[in-house]
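# Survey of secondary and tertiary structure
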Amino acid sequence: MGVSRVGSWMNGLVVDRDAGWQQIQVAKASQRRSIPARVVRLLVAGLRWLTVLVAGFAYHNPIPAALLALIGALLTCGLPWAALGVGLLAAAGLVAWFLLAPEAFDRWVVSPGRRWWRRRRYAAAWADVMVAGRLVVTDRRRRELVPKVARIRQGRFADVLTVKLPNGITREAFAEHLDALAQAMRAREARIVPAPARWAPGWLRSRAAAEFAPGAHTPGRVFVRLAFGDPLAHVVAGNQLAGGGDVDLAAVRVGRRDDGAEWLVSLLGTHILLAGATGAGKGSVLWALLASIGPAVRAGTAQVVGLDPKGGMELGFGRELFRHLVTMDGPDAEDEAVAFLETLAEEADRRAGMLAGRARTLTPSVELPFVLIIIDELASVTAFISDSKRRQRADAALGRLLTKGRAPGMCVVGALQDPRKDVVKWRDLFPTRIALRLVEAGQVDLVLGDGAHARGARCEAIATTTPGVGYVTEDGAAAITRVRAAYLTDEDIRRIAATYRPGPVDVGGSLRVVDGEPGHPAEAGGIAA
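## Digging into the side chain of Arg484
With respect to the helices and strands, Arg484 occurs in strand β19 (residues 481-485). Buried and unpaired, Arg484 has Asp230 as its nearest opposite-charge partner, separated by 6.7 Å. Looking at Arg484, its side chain comes within polar contact range of the main-chain oxygen of Ala233, at 3.3 Å.

Pasting the structure below:
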């Protein structure tokens, strides 16, 4: 770590920055050491810097360090030709490794070098970023303090920095400088994340006082995730989403998260708000959900109904999966849409009455299956219905459905393009919110909640070439997760619809459901028997 001095002719002070972690010491300009003392101090600091540099490089880059150490040993022993031969063989081996297995080469050779270089950048540039952002406080001993990096958790694509905040600087004030921090550290994005889970033995956790258990945020500390690589750059294939076993509706596979883990969405006890501009990939999210619950649809423990205001252009590819599909493409389209919502609201009332006093939540079964309700354009039933009476009926039915449908096993997935306040009146009744690429930065908080954009959800910056990429928040969780939905081709959708079709499908008229075996007559009535 280097030491820099910046003189000030205005006040006679010298700012001594200890290379980037926390403390900025201020000393009188007259308190300068003699020339020999300064030379010794510089030599000691240089030796320390070189030792840290070499040791850090060897620790984080074992393969290149071992090769360089071997070549250096041969040169020290007076064997230059042997050193040259080892160097040529090592270079040829590395080139062959890169050509034959580029993924492994990046993981074991290039990525360790990146991580080491990022650590050097943190040490060199951190204090400058904090000072430039005016994140400086003065304590009672007249020391100027800035946020300190207490720990670095490094990964292949991203690092999580544990930042200790001095008294007087809040999380909100620090979050305002995430863009500047990302730019200074050459990161793709910076995002505040919840505190990482701490491991502890089960016997110790069970005996610890629950009142003092750590929460999502640790007072005096903030956790910043700096992303350098993008594991979501590659398209996630969706043809393997539907497995052959039982479907866990509390953990439905949708795609991949930016930490490399699977993106799992719970459909039980929740509703999902899905927002994205044209071409942002809303269809990818919808079809990934439908593909993952396909086995449950075929088994009869789940049913799917939908409303597609675009005449079936989106949901029509998998029409066979739906028990009922309203396409809004006729003269009575608005009446059909309102009747559709009112029937669903009545079913929610009926189920709630059945479960009252017996169970607080539904366990899906063939007799009373889980119902997934897909509304491809929520604005079509909340704002764009021309007749005011029909619009009031639709609003009332949707409100009842969102309020009562969660516990009795009815999940609404509402997709929309325009997340303005006057479009979605029931926004707070969607516990799970997904925001794909949006047109304006101000729309992010409207979808994900207040402060989401400041915490790193830059939906307006998502590239048009990466459909299905977005950010997710869940009710009660402070985490903002970057994800990408799996992509299913038209052929994949048709194959999944044909494989997991539940039986005869009613595409118009009153809402009907098939309660018996495929091929038996349908009975008019509610969603499920």
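## Side note on the pairing of strand β10 (residues 252-257)
When a strand is regular, its side chains alternate between the sheet's two faces. Across 4 bridges, the pairing between β10 and strand β11 (residues 262-265) is antiparallel. From the neighbouring strand, Gly255 faces β11, where its bridge partner is Trp263. Taking the residues that link successive antiparallel strands as the turn, the β10-β11 hairpin has 4 residues, and the phi of Gly260 there is positive, at about 95°.

## Looking at a nonpolar patch on the surface
Among the surface-exposed residues, Val95, Phe98, Leu99 and Leu100 lie close enough to one another that they form a single nonpolar patch of about 470 Å² accessible area. If you trace the backbone, Leu100 turns up in helix α3 (residues 80-100).

## Remarks on the pairing of strand β15 (residues 370-375)
Counting buried positions along β15 gives 6 out of 6 residues, so the element sits mostly inside the fold. As paired strands, strand β13 (residues 302-307) and β15 are joined by 6 bridges and run parallel to one another. Bridge pairing in β15 places Val304 opposite Leu372. Note: β15 against strand β16 (residues 410-416), 5 bridges, orientation parallel. In the strand pairing of β16, Ile374 is matched with Val413.

## Some remarks on helix α8 (residues 282-292)
Burial analysis of α8 places 10 of its 11 residues in the buried class, which makes it a mostly covered element. Inspection of α8 places Lys282, Ser284, Val285, Leu286, Trp287, Ala288, Leu289, Leu290, Ala291 and Ser292 among the buried residues, and these make up the whole buried set.

## Quick look at the nonpolar core
The biggest cluster of nonpolar side chains holds 44 residues, and the ones touching the most others in it are Trp263, Leu267, Val285, Leu321, Phe322, Leu372 and Ile374. Per-element tally for this core: the top contributor is α8, with 7 residues.

## Topic: the sheet that holds strand β8 (residues 189-193)
With antiparallel pairing, the 4 strands of this open sheet are ordered in space as β6-β7-β9-β8. The open sheet has two edge strands with one neighbour each: β6 (148-154) and β8. Pairwise comparison of adjacent strand axes, ignoring direction, gives a mean angle of 25° for this sheet. Pairing of β6 with strand β7 (residues 158-164), which is carried by 6 bridges, proceeds in the antiparallel orientation. Paired with Val149 across the bridge in β7 is Val163. Relative to β6, helix α4 (residues 102-132) is tilted by about 170°, and along the sheet it contacts β6, β7 and β9 (221-227).

## Observations regarding the sheet that holds strand β18 (residues 469-474)
Here we have 10 strands laid out as an open sheet, ordered β11-β10-β19-β18-β17-β12-β16-β15-β13-β14, and mixed in their pairing. With one partner strand each, in any of the chains shown, β11 and β14 (324-326) form the two edges of the open sheet. Taken over all neighbouring pairs, the strand axes of this sheet differ in orientation by 25° on average, direction set aside. With 4 bridges connecting them, strand β17 (residues 432-435) and β18 associate as antiparallel partners. What sits directly across from Thr432, in β18, is Glu474. With respect to the sheet, helix α10 (residues 333-355) is in contact with β13, β14, β15 and β16, its orientation differing from that of β13 by roughly 150°.

## Digging into unusual backbone geometry
Its identity is not glycine, yet Arg134 carries a phi of approximately 60°, on the positive side. A relative accessible area of 73% places Arg134 in the exposed class. The backbone of Arg186 shows a phi angle near 60°, a positive value even though the residue is not glycine. With respect to the secondary-structure elements, Arg186 resides in the loop between α6 (178-184) and β8.

## Comments concerning the confidence of the model for the protein chain
Of the residues in the protein chain, 86% reach a pLDDT of 70 or more, and the chain-wide mean stands at 82. Ignoring residues within four places in sequence, the model shows residues 1-21, a span with pLDDT below 50, making 59 contacts including any to other chains. Across residues 26-30, confidence stays below pLDDT 50; counting only partners more than four residues off in sequence or on other chains, it has 9 contacts.

## A closer look at the packing of aromatic side chains
Tallied over the entire structure, the rule returns 5 aromatic pairs. Relative to Phe105, the ring of Phe98 has its centre 5.5 Å away and its plane inclined at 75°; by these criteria the two rings are edge-to-face. The exposure class of Phe98 is partly exposed, given its relative accessible area of 45%. Between Trp116 and Trp117 the ring centres are 6.1 Å apart and the planes differ by 50°, which places this aromatic pair in the tilted class.

## Some points on the packing of α10 against helix α12 (residues 388-404)
Orientation of α10 relative to α12, taken along the N-to-C sense of each, is 30°, at an axis distance of 8 Å. Taken together, α10 and α12 sit at an angle that is classed as roughly parallel. Classified by chirality, the crossing of α12 by α10 is left-handed. Contacts between α10 and α12 pair Glu334, Asp335, Val338, Leu341, Glu342, Leu344, Ala345, Glu346, Ala348 and Asp349 from the former with Arg390, Arg393, Ala394, Ala397, Arg400, Leu401 and Lys404 from the latter. Among the residues making up the contact of α10 with α12, the classes are represented as 8 nonpolar, no polar and 9 charged.

Analysis parameters
- Residues numbered from 1 in each chain as written.
- Predicted model: local features only at pLDDT ≥ 70, side-chain atom pairs only at ≥ 80, totals over all residues.
- Heavy atoms only, no water.
- Helix = DSSP H or I, 4+ residues; strand = E, 2+ residues; numbered from the N terminus.
- Buried < 20%, exposed > 50% of the residue type's maximum accessible area, 1.4 Å probe, protein only.
- Lys, Arg positive; Asp, Glu negative; His and termini not counted.
- Salt bridge = Lys/Arg side-chain N within 4 Å of Asp/Glu carboxyl O.
- Polar contact = N/O pair within 3.5 Å; in protein donor to acceptor, adjacent residues only side chain to side chain.
- Pairing = 2+ DSSP bridges.
- Patch = residues over 30% accessible without salt bridge, like charges linked within 9 Å, V, L, I, M, F, W, Y side chains within 5 Å.
- Areas by Shrake-Rupley, 256 points an atom, 1.4 Å probe, with all protein chains shown as cover.
- Core = buried A, V, L, I, M, F, W, Y, C linked by side-chain atoms within 4.5 Å.
- Axes fitted to C-alpha atoms, helices over the stretch in contact; angles between N-to-C directions.
- Contact = heavy atoms within 4.5 Å.
- pLDDT = per-residue confidence, 0-100.
- Phe/Tyr/Trp six-rings, centres within 6.5 Å; stacked < 30°, edge-to-face > 60°.
- Parallel < 35°, antiparallel > 145°, perpendicular 65-115°, else oblique.
- Left-handed = near helix turned anticlockwise from the far one by under 90°.
- Nonpolar A, V, L, I, M, F, W, Y, C, P; charged D, E, K, R; others polar.

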